[in-house]
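# Architecture at a glance
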Amino acid sequence: ATTPFYRFSAHQAKSLLLGDILELGDHSQKIHREIGRMISPSQIKNLYLFGDQVRHIMSGAPEIGFPQSRIFCNLSDDIRISANHIISTTEENEIILLKASRKMRLERIIEISQSTD
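First, a word on what this report is: a plain description of the structure on this page. Since the model is a prediction, treat every value here as computed from it, not as a measurement. (Residues numbered from 1 in each chain as written. Predicted model: local features only at pLDDT ≥ 70, side-chain atom pairs only at ≥ 80, totals over all residues. Heavy atoms only, no water.)

Let's shift gears to the sheet that holds strand β2 (residues 47–50). In any sheet, the strands associate via hydrogen bonds between backbone groups, in a parallel or an antiparallel arrangement. Taken in spatial order, the four strands make up an open sheet running β3-β2-β1-β4, and their pairing is parallel. Unpaired on one side and paired on the other, β3 (71–74) and β4 (94–99) mark the two borders of the sheet. Adjacent strand axes in the sheet meet at a mean angle of 15°, parallel and antiparallel pairs treated alike. Where strand β1 (residues 13–19) meets β2, four bridges bridge the pair, whose relative direction is parallel. Each residue of the ladder has a partner; that of Leu17, found in β2, is Tyr48. (Pairing = 2+ DSSP bridges. Helix = DSSP H or I, 4+ residues; strand = E, 2+ residues; numbered from the N terminus. Axes fitted to C-alpha atoms, helices over the stretch in contact; angles between N-to-C directions.)

Here is the structure:
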């Protein structure tokens, strides 16, 4: 069942799965780093990263106090690594926001997790 937007705050744990934003050209490194600097450690439980440019999010997030221990970064092309990690660490009633360029196909994470149920 889909959770209505207004119920988003009802979830105890909120995590992010972020992938590369591919349309940024020469500004990619800077913008990915800035995204990392915007992630609030008090509001986000875990930060899951997938892709190549996400390494810059991974370096930006700790600059504002996001604990390195709550960041999982998969720089490989194998999304199953990310899916397996997320499946093994996700709590009941946790919500995960997925955001990346469409070309990253993050919905594969959902497909993999549903096939393990």
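Take the nonpolar core next. By size, the foremost hydrophobic cluster in this structure holds 12 residues: Leu17, Tyr48, Phe50, Phe72, Ile79, Ala83, Ile86, Ala100, Met104, Leu106, Ile109 and Ile112. Elements supplying a minimum of two residues to this core: β2, α3 (79–89) and α4 (107–115). In terms of residue count, the dominant contributor to this core is α3 (three residues). Residues contacting Leu106, with those up to four places away along its chain left out, are Leu17, Gly19, Phe50, Ile79, Leu98, Lys99 and Ala100. Core analysis: the second largest hydrophobic core is formed by 11 residues, Ile44, Leu47, Leu49 and Ile71 among them. (Core = buried A, V, L, I, M, F, W, Y, C linked by side-chain atoms within 4.5 Å. Buried < 20%, exposed > 50% of the residue type's maximum accessible area, 1.4 Å probe, protein only. Contact = heavy atoms within 4.5 Å.)

Evaluated as defined, the whole model comprises zero aromatic pairs. The cationic tip of Arg70 hangs over the ring face of Phe66; the distance from NZ or CZ to the ring centre is 4.8 Å. (Phe/Tyr/Trp six-rings, centres within 6.5 Å; stacked < 30°, edge-to-face > 60°. Lys NZ or Arg CZ within 6 Å of the ring centre and 35° of its normal.)

With that out of the way, let us pick up α3. Among all positions in α3, only Ile79, Ser82, Ala83 and Ile86 are buried. Angular distribution of buried residues about the axis of α3 spans 100°; they occupy a single face of the element. Relative to its buried face, α3 has exposed residues pointing more than 90 degrees away, namely Arg80 and Ser88. In this structure, the buried side of α3 is in contact with β1, β2, β3, β4 and α4. (Arc of directions from axis to C-beta.)

Our next topic: the pattern of salt bridges. For the coordinates displayed, the defined rule picks out eight salt bridges. A salt bridge links Glu94 to Lys45; its shortest N-O distance comes to 3.3 Å. Linking Glu94 in strand β4 with Lys45 in the loop between α1 (28–37) and β2, this pair joins segments that are 49 residues apart in sequence. Owing to a relative accessible area of 23%, Lys45 belongs among the partly exposed residues under this scheme. With a closest N to O distance of 2.9 Å, Asp78 and Arg80 form a salt bridge. Taking relative accessible area as the criterion, Asp78 reaches 26% and is therefore assigned partly exposed. What you see here is one network of salt bridges that share partners, running through Arg33, Glu34, Arg37 and Glu63. (Salt bridge = Lys/Arg side-chain N within 4 Å of Asp/Glu carboxyl O.)

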